[in-house]
Amino acid sequence: MSICDDTESPRASTQTAHTEKPGAHTGDIVLVVDDSPDTLSLINDTLEQAGIDVLVALDGSQALNIARRLRPDMILLDAIMPGLDGFETCRLLKADPSLASIPVIFMTGLTDSTDIVRGLESGGVDYLTKPIQPNELLARMKVHLSNARLTSSAHQALDSTGQFLFTVDTSGQMQWATPQTYALLSSAGALDGGLRRPLITELQLWLRRNPAAGNRLKWEGLQKSLAVVFVERRDTGTYLLKLQDDGGPAGEEVLQKKLALTKRESEVLFWIANGKTNREIGEILDVSPRTVNKHLEGVFSKLGVENRTAAAGIAIRTLNQDA
């Protein structure tokens, strides 16, 4: 168990644990945040026996410092602590795009449903009541660590394509974004505090109107005009969106011009590049899946490819060259 303060290197502590227990660890690093010595001892013993590296913080402020420096794979967070409580700590974690994807499991003696809802609304993925049962803790951790790895892999794959994608919650707060999205937001001055707040409010109001896939929200008053394109709502209550530089042509127009496609073919290819199925594209464009497939055959022929993956690759490269 490593208790990290503001001067200790959490990475060094973790590496020491790896040296002492060769072959036993899973590679996962879990930050446990609790002010109870008994709880810390129980959880530390449980996780170390499972081969998981453990870091410990005694309060919310310390947890935030450690998370920013090390970025653990999971955080086990006591809800009720002196000073910065677990709910506010979790909200601050989720407000930081670099930490927002870390799964947080709440631990508390509170059993009222309103407290459980409060924990989930602040960004927690699960809720365990004390006293903690070791087997239940490990089982739940396994599920959420697996989900987090799948999400991370998907994000890395999207990052490598260079697409301007990001996710937000229902309040308009960004949860994740590709590096290209951050770069475009920064170049437009949209990350500055004075401009950021009204943009978030505008986005929140727009999402409340339940925009359809493909609908656009223009962000003006920036150093360059941007547009947000609605892609889909996720089961997790988040929204997948795409950012565009509104000073130039839309992606469909770029594909139509540079790849010599018809307007409808370029629209189909654009949504293929965004990972949509024929059925989903049909719903977006208000045509049948059979019609989508017909246009897709034309795209394959003109691009000289045989499948969707190859066509999407050409589309992504073309859009990146124009960005």
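Being a predicted model, the structure only gives us computed values, none of them experimental.

Procedures and definitions
Residues numbered from 1 in each chain as written. Predicted model: local features only at pLDDT ≥ 70, side-chain atom pairs only at ≥ 80, totals over all residues. Heavy atoms only, no water. Helix = DSSP H or I, 4+ residues; strand = E, 2+ residues; numbered from the N terminus. Buried < 20%, exposed > 50% of the residue type's maximum accessible area, 1.4 Å probe, protein only. Contact = heavy atoms within 4.5 Å. Areas by Shrake-Rupley, 256 points an atom, 1.4 Å probe, with all protein chains shown as cover. Salt bridge = Lys/Arg side-chain N within 4 Å of Asp/Glu carboxyl O. Pairing = 2+ DSSP bridges. Axes fitted to C-alpha atoms, helices over the stretch in contact; angles between N-to-C directions. Core = buried A, V, L, I, M, F, W, Y, C linked by side-chain atoms within 4.5 Å.

Undergrad: Lay out the overall build of the chain with the relevant residues and their values.
TA: The helix and strand inventory of the chain stands at 13 helices and 11 strands. Burial analysis of the chain (323 residues in total) assigns 46% to the buried set. Long-range contacts, defined here as pairs at least 24 residues apart, represent 55% of the contacts in the chain between residues at least 6 apart. Carbon and sulfur atoms form 50% of the exposed surface of the chain, whose accessible area is close to 15,800 Å².

Undergrad: Could you give me a rundown of the pattern of salt bridges, with the residues and numbers involved?
TA: Counted under the stated rule, the structure contains nine salt bridges. Among the ionic pairs, Arg140 bridges to Asp126, the shortest N-O distance being 2.8 Å. You can see Arg140 sitting in helix α6 (residues 134-161) and its partner Asp126 sitting in strand β6 (residues 126-129), a full 14 residues away along the chain. The partly exposed category is assigned to Arg140, whose relative accessible area is 27%.

Undergrad: Got a sec to walk through the sheet that holds strand β10 (residues 226-233)? Specific residues and values, please.
TA: Spatial strand order, β8-β7-β11-β10-β9: five strands in an open sheet with antiparallel pairing. Strand pairing shows two members of the sheet lacking a second neighbour, β8 (174-177) and β9 (216-219), which therefore form its edges. Ignoring strand direction, the axes of neighbouring strands in this sheet form an average angle of 30 degrees. Summarising the sheet, β9 and β10 pair through four bridges and their orientation is antiparallel. Residue Lys218 lies in a different strand from β10, and its bridge partner there is Ala227.

Undergrad: Just give me the short version of the nonpolar core, but keep the residues and values in it.
TA: In terms of nonpolar packing, the biggest core is built from 25 residues, with Leu255, Leu259, Val268, Leu269, Ile281, Leu303 and Ala311 touching the most fellow members. Counting only elements with at least two residues in this core, the list comes to α9 (251-258), α10 (263-273), α11 (278-285), α12 (289-303) and α13 (308-322). In contact with Leu255, not counting residues within four places along its chain, are Ala260, Leu261, Ser266, Leu269, Phe270, Ala315, Thr318 and Leu319.

Undergrad: I'd love a proper account of the environment of Thr201, names of residues and values included.
TA: Here Thr201 shows up in helix α8 (residues 193-208). Judged by relative accessible area, which is 40%, Thr201 ranks as partly exposed. The spacing of Thr201 and Ser171 is 30 residues in sequence and 7.9 Å in space, taken between C-alpha atoms.

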